Amino acid sequence: MTRVVLEGGADDALVFPPYLSPHCDETLFDYYAAIVAVAGQGLDLIIYQRGGRELPTETLCRLAASTTSSG
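A brief report on the enclosed structure follows.

Conventions adopted
- Residues numbered from 1 in each chain as written.
- Predicted model: local features only at pLDDT ≥ 70, side-chain atom pairs only at ≥ 80, totals over all residues.
- Heavy atoms only, no water.
- Helix = DSSP H or I, 4+ residues; strand = E, 2+ residues; numbered from the N terminus.
- Buried < 20%, exposed > 50% of the residue type's maximum accessible area, 1.4 Å probe, protein only.
- Contact = heavy atoms within 4.5 Å.
- Areas by Shrake-Rupley, 256 points an atom, 1.4 Å probe, with all protein chains shown as cover.
- Core = buried A, V, L, I, M, F, W, Y, C linked by side-chain atoms within 4.5 Å.

**What about the overall build of the protein chain?**
- Each helix and strand counted, the protein chain has 3 helices and 2 strands in total.
- Sequence-ordered secondary structure for the protein chain, helices as α and strands as β, is α-β-α-β-α.
- Every one of the 71 residues in the protein chain was classed for burial, and the buried ones make up 21%.
- Taking as baseline every contact in the protein chain between residues at least 6 positions apart, the subset at least 24 positions apart corresponds to 72%.
- Total accessible area on the protein chain is roughly 4,900 Å²; 57% of this is exposed by carbon and sulfur atoms.

What follows is the structure, given as structure tokens:
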């Protein structure tokens, strides 16, 4: 889906966490990092957190750091 919106000319993408099953912080980091890898520098991602499941600040900072080191 990230490729589709990127190729369609979108500037941003609202990215939801996996829907049904609970995930640990590391699994969620891997999930979002894979999306970041596809988006590259061409698409800003908005990470949506819902259902009382929030990523710790440290995990979000790691993800942000991965975007600057990948491009």
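**What to know about the nonpolar core**
- One finds Ala13, Val15, Leu28, Phe29, Tyr32, Ile35, Val36, Ala39, Leu43, Leu55 and Leu63 forming the largest nonpolar core, which totals 11 residues.
- Looking at which element gives the most residues to this core, the answer is helix α2 (residues 25–39), with 6 residues.
- Setting aside residues no more than four positions away along its own chain, Tyr32 makes contact with Val15, Phe16, Pro17, Ile47, Tyr48, Leu55 and Leu63.

**Structural notes on the environment of Val38**
- Here Val38 shows up in helix α2.
- When the C-alpha atoms of Val38 and Arg3 are compared, they prove to be 6.6 Å apart, with 35 residues separating the residues in sequence.
- With residues up to four places along the chain from it excluded, the contact list for Val38 reads Thr2, Arg3 and Leu6.

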